[in-house]
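Given next are the chains, with one letter for each unit.
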Amino acid sequence: MNDLARLRARLDGDLVTPDHPEYDTVRRPADPLYQDARPALVIRCRSETDVALGIEHARRTGTTVVPRGGGHCFAGRSSTSGIVLDLAALDGIAVSGSCAVIGAGARLAEVYTALHAHGRTIPAGCGATVGIAGLALGGGIGLLGRVHGLTADRLTGARVVLADGRTVDCDAEREPDLFWALRGAGGGQFGVVVSLTFDTVPEPVATRFELRWRRPPVADLLAAWQDWAPDLPDAVTADLTAGEEAVLFGASLLGEAPTRELLQGFCDSIGVMPETDVRGGMAYHRLKRSFEALDSAPSEGILRSRSMFFAQAARPDTIKALAADLAAAPRRRCHLTAMGGAYNRVPEAATAFAHRGERFLLQLAASAGDPWLDRTWEAAYAESSQRVYPNFPDPQLREWESAYHGPNLARLQAVKRAYDPDRCFDFPQSV
Ligand SMILES: Cc1cc2nc3c(=O)[nH]c(=O)nc-3n(C[C@H](O)[C@H](O)[C@H](O)COP(=O)(O)OP(=O)(O)OC[C@H]3O[C@@H](n4cnc5c(N)ncnc54)[C@H](O)[C@@H]3O)c2cc1C
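Owing to the predicted nature of the structure, the values given are computational and were not obtained by experimental measurement.

### Quick notes on the overall build of the protein
Counting its regular elements, the protein contains 15 helices and 18 strands. Relative to the 2.2 N^0.38 estimate, which gives 22 Å for 431 residues, the radius of gyration of the protein is 21 Å and therefore close to what a compact globule would have. If you line up the protein on its principal axes, its C-alpha atoms span 75 × 50 × 45 Å. Counting contacts in the protein only where the partners sit at least 6 residues apart, residues at least 24 apart contribute 71% of the total. One way to put it: in the protein the 46 positive side-chain charges average out to a point 2 Å from where the 53 negative ones average out.

### Here we look at empty space enclosed by the protein
For the structure shown, the criterion picks out 3 cavities of 30 Å³ or more. By volume, the largest cavity is sized at about 60 Å³. Forming the boundary of the largest cavity are Leu222, Gln226, Phe310, Ala314, Ile319, Leu322, Leu336, Phe360 and Leu362. Mapped onto the lining of the largest cavity, the elements with two or more residues apiece are helix H8 (218-228), helix H12 (316-324) and strand S18 (360-367). Residue classes in the lining of the largest cavity are distributed as 8 nonpolar, 1 polar and no charged.

### Quick word on the layout of surface pockets
Where empty space is left can be seen by rolling a probe of water-molecule size over the atoms. Space inside the second largest pocket adds up to approximately 220 Å³. Lining of the second largest pocket is provided by 14 residues; of these, Gly76, Arg77, Asp426, Phe427 and Pro428 occupy positions nearest its centre. Along the lines of polarity and charge, the residues of the lining of the second largest pocket split into 7 nonpolar, 5 polar and 2 charged.

### Description of helix H4 (residues 108-116)
Since the α-helix turns once every 3.6 residues, residues separated by three or four places project in the same direction. Of the residues making up H4, those classed as buried are Leu108, Val111, Tyr112 and Leu115. Taken end-on, H4 shows its buried residues confined to a sector of 95°, consistent with a single buried face. Close packing links the buried residues of H4 with strand S5 (93-96), strand S6 (99-103), strand S7 (120-121), helix H5 (132-137) and helix H10 (284-290).

### Comments concerning the site of the ligand
Taken together, 32 residues are adjacent to the ligand, and Pro67, Gly69, Ser78, Ile141 and Tyr389 come closest. Between the ligand and proline 67, the relevant distance is 2.7 Å, taken from an oxygen atom to a main-chain nitrogen or oxygen of the residue. Interatomic distance of 2.8 Å between a backbone N/O atom of glycine 71 and an oxygen atom of the ligand. Every element with two or more residues in the shell around the ligand is listed here: strand S3 (65-68), H5 and strand S10 (192-199). In the shell around the ligand, the residues fall into 15 nonpolar, 14 polar and 3 charged.

### With respect to the domain arrangement of the protein
Domain boundaries assigned for the protein yield domain 1 (3-86), domain 2 (93-202 + 406-419) and domain 3 (205-405). Taking the mean C-alpha position of each, domain 1 and domain 2 sit 22 Å from one another. On the domain 2 side, the residues contacting the 10 residues of domain 1 number 15 residues. With both sides pooled, the region where domain 1 packs onto domain 2 buries about 980 Å², and carbon together with sulfur makes up 62% of that total. Connecting domain 1 to domain 2 are 1 salt bridge. Among the salt bridges present, the one from arginine 159 reaches glutamate 48, with a minimum N-O distance of 2.7 Å. Scanning the region where domain 1 abuts domain 2 turns up 3 residue pairs in polar contact (both at pLDDT 80 or more). Ranked by the residues each element gives to the side of domain 1 that touches domain 2, the list is headed by helix H3 (residues 48-61), at 5 residues. Split by residue class, the side of domain 1 that touches domain 2 holds 5 nonpolar, 3 polar and 2 charged.

What counts as what
Residues numbered from 1 in each chain as written. Predicted model: local features only at pLDDT ≥ 70, side-chain atom pairs only at ≥ 80, totals over all residues. Heavy atoms only, no water. Helix = DSSP H or I, 4+ residues; strand = E, 2+ residues; numbered from the N terminus. Rg over C-alpha atoms; globule rule 2.2 N^0.38 Å. Contact = heavy atoms within 4.5 Å. Lys, Arg positive; Asp, Glu negative; His and termini not counted. Charge placed at Lys NZ, Arg CZ, Asp CG, Glu CD. 1 Å grid on protein atoms, 1.4 Å probe; cavity = no way out; pocket = protein on both sides within 12 Å on 5 of 7 lines; lining within 4 Å. Points joined across faces, edges and corners; volume = space filled by probe spheres on them. Nonpolar A, V, L, I, M, F, W, Y, C, P; charged D, E, K, R; others polar. Buried < 20%, exposed > 50% of the residue type's maximum accessible area, 1.4 Å probe, protein only. Arc of directions from axis to C-beta. Near = heavy atom within 4 Å. Polar contact = N/O pair within 3.5 Å; in protein donor to acceptor, adjacent residues only side chain to side chain. Domains from an automatic or database assignment. Buried area = accessible area lost by both parts, 1.4 Å probe. Salt bridge = Lys/Arg side-chain N within 4 Å of Asp/Glu carboxyl O.

Printed below as a string of structure tokens:
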């Protein structure tokens, strides 16, 4: 029996090689930028033993190995020419009281639905098919974050298969350095997480709002938003997407009438009234689902994006540069995400996520070949905090160590040396 046949015989899941009829489906990650990925092997893991066997096979044969959750990594890090550990089948969700144990293959839509059945939720992102593991390991920013912090801030433990094949449980007491590193440095660096334990929060009833300017005064909107949204009460998250149209959208826990009042104040300051859709009394999982279309990438063509944090408002010239050619091509977008609130009440060194003093996150997106993206990013980055969200990895980023990890870099490097001394889990820009 050859190596591969021996591996196949020991797996609970199955092994997909290029001659397998489903290879063409399973080889691809979700992100269309990386549709050409052709791994030598995809292991559809059904147990943590499968994960350990995959790692062991990779090490023995000198092959690269990467875990894949939702497959959305902007830098294609859940693809390789070596071995992909596809964790999609490890998607069990068990809830007991406020504690939820979630398999690393679960996607956000499944997580919200399962937690809703228990009247619970977690602060997390919007993309329905985004993987809970990829999201939480890099931080996790979402519409409840200004109240409850990052997804990673609600993580109380994780079960991890390490490079040496051991499986460990980590939390504040057991393997505390590993647990620290898993909260916000970005996935795929310290081991393969097979399940995550969260301290959930009660599912709120919220007010949903979506305000749309068909012909937006973009520079005025960006300028007004950056002075307004990050200073709103924590109970309100109002994010802005601008392109040919502009949409201000989000969730408020304040009730409908006070939310309408806040939004009216913002619109008055712009002077151009949007189409307004404000709905109170919405269960949070429904509110999340209602934003799926807004949050998902367009189905046609390939998009690229780059981002940065701002700790202070951008200067008027920078705003003008951002707005200047935004509407000149159809797929150019500028997304602004409000930070502050509970995100910034956690000390920078308490978890691996180093971005605790930021006001907002700016993300630019455009067609893959559009030079506007890099030109506009360069101009804005010079004035930003020069920090980048680890869940929005940017292969072109210079000085990425400080941008992703700030002062937490040295401790992360020490954890990497301790848990993965031979760099079994490796990619450009890994710690
Ligand atoms: C449509 C869309 C909407 C989004 N919305 C938000 C949002 O609202 N808020 C937000 O914060 N982010 C958001 N993101 C970004 C998202 O958080 C990242 O893309 C995230 O890394 C995706 O995780 P994944 O599991 O889907 O991707 P994958 O590509 O599978 O994984 C991402 C990285 O984590 C590693 N990894 C995956 N699983 C494991 C594991 N079990 N153990 C160890 N490492 C692992 C991978 O190897 C890879 O390096 C969005 C992305 C998209 C495409």
